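# Descriptive structure summary
Each chain is listed here by its residues.
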Amino acid sequence: MTTPPAIESASDVAPCCVLGETIDDAVAQDLARVFKALGDPTRVKLMSIIAGSSAGEMCVCDLTEPVGLSQPTVSHHMKLLVEAGLVEREQRGRWAYYRPTIDTLASAAKALIA
């Protein structure tokens, strides 16, 4: 009669992967806010338009036509990008001007791959 093979306990088994550093909850929350803001195709398009502007900034009045949305809707999308730290807003008279803050996006990406 043969004896059954020994069953290894979980503590005897080597992990298949070695975990790297993990980010803490506060950093994860900040990163989620940045990436959530870019989770909408309209906001990605707006970000691209502003970042590609030869002037380095754009008036909200010039952002409505390229995305085919009304000014209040574009302003709402821009508010979310500002809150995520992806663009800065400057009020000039009745119009708001936006410029990208590229460091925010670069830092978020780096935090995930570092």
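Within each chain, residue numbers correspond to sequence positions counted from 1 in written order. Predicted model: local features are reported for residues with pLDDT of at least 70 only, side-chain atom pairs are reported and counted for 80 or more only, and whole-chain, interface and lining totals are derived from all residues. Remark: hydrogens and water are excluded; side-chain values derive from all non-hydrogen atoms of the structure.

As annotated in an unreviewed UniProt entry, the protein chain carries the name ArsR family transcriptional regulator and comes from Brevibacterium marinum.

## Section: the sheet that holds strand β2 (residues 87-92)
Let me state the cut-off plainly: Two strands pair under a simple rule: DSSP has to find at least two bridges between them. A run of DSSP states H or I qualifies as a helix once it reaches four residues; a run of E qualifies as a strand once it reaches two. Both are numbered from the N-terminal end. Should any heavy atoms of two residues lie within 4.5 Å, those residues are counted as being in contact. Fitted lines through C-alpha atoms serve as axes, helices being fitted only where they are in contact, and the angles separating the N-to-C directions of these axes extend from 0 to 180 degrees.
The three strands lie next to each other as β1-β3-β2, forming an open sheet whose pairing is antiparallel. If you trace the sheet from one side to the other, it starts and ends with β1 (58-59) and β2, each paired once. Summarising the sheet, β2 and strand β3 (residues 95-100) pair through six bridges and their orientation is antiparallel. Bridge pairing links V87 to P100 in β3. Of the strands in this sheet, β1, β2 and β3 are in contact with helix α2 (residues 41-51), which crosses β3 at around 85°.

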